[in-house]
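Residue-level structure breakdown
Now for the letters of each chain:
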Amino acid sequence: QVQLVESGGGLVQAGGSLRLSCAASGFTFSSYATAWFRQTPGKEREFVAVISRTGTNSYYADSVKGRFTITRDNAKNTVYLQMNSLNSEDTAVYYCAADYGWNYAYYSDLSYDYWGQGTQVTVSS
């Protein structure tokens, strides 16, 4: 059974940090690029960051570049999102996703095969 389980969300003050984790099971994690998306009520799901299968390459949305870092540990089947200098616009439900191989349309949620259930991040100002 394929599972992606996010954790680490919560309430944080503006300027603070959080580290999200996403634990994968039921598929060959190292064969999948993994990404983080986020969504707020009434809006479409938004690309945040993606990392390649080996962790060699990563790409970020302009809105988080320089503040967020995506990493992965294939030995632990886990992808992480370190979020620093958080602001109220980062408040959202954060989802991790996995895509077999690599898709150059990594910014599109249509590119991904598996999704987690999401974790809420709330930044108070």
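Please read all numbers here as calculations on a predicted model, not as lab measurements. (Residues numbered from 1 in each chain as written. Predicted model: local features only at pLDDT ≥ 70, side-chain atom pairs only at ≥ 80, totals over all residues. Heavy atoms only, no water.)

**Here's the deal with the layout of surface pockets**
- As a volume, the largest pocket reaches approximately 160 Å³.
- Taken together, Arg38, Gln39, Thr40, Lys43, Glu44, Glu46, Ser63, Arg67, Asn87, Glu89, Asp90 and Ala92 make up the full set of residues lining the largest pocket.
- The class makeup of the residues in the lining of the largest pocket is one nonpolar, four polar and seven charged. (1 Å grid on protein atoms, 1.4 Å probe; cavity = no way out; pocket = protein on both sides within 12 Å on 5 of 7 lines; lining within 4 Å. Points joined across faces, edges and corners; volume = space filled by probe spheres on them. Nonpolar A, V, L, I, M, F, W, Y, C, P; charged D, E, K, R; others polar.)

**Digging into the side chain of Ser111**
- Structurally, Ser111 can be placed in the loop between strand S9 (92–100) and strand S10 (114–115).
- Polar contacts involving the side chain of Ser111 include one to the main-chain carbonyl oxygen of Ala105, which spans 2.6 Å. (Helix = DSSP H or I, 4+ residues; strand = E, 2+ residues; numbered from the N terminus. Polar contact = N/O pair within 3.5 Å; in protein donor to acceptor, adjacent residues only side chain to side chain.)

**Focus: the packing of aromatic side chains**
- For the coordinates displayed, the defined rule picks out 15 aromatic pairs.
- Ring plane angle 50° and centroid distance 5.4 Å describe the contact between Phe47 and Tyr106, whose orientation is recorded as tilted. Of this pair, Phe47 sits in strand S5 (residues 46–51) while Tyr106 is found in the loop between S9 and S10, placing the two residues 59 residues apart along the sequence. Comparing Phe47 with Tyr106 shows no difference in burial state: the two are buried.
- One aromatic cluster is present, formed by Phe37, Phe47, Tyr59, Trp102, Tyr104, Tyr106, Tyr107, Tyr112 and Trp115 through successive ring pairs. (Phe/Tyr/Trp six-rings, centres within 6.5 Å; stacked < 30°, edge-to-face > 60°. Buried < 20%, exposed > 50% of the residue type's maximum accessible area, 1.4 Å probe, protein only.)

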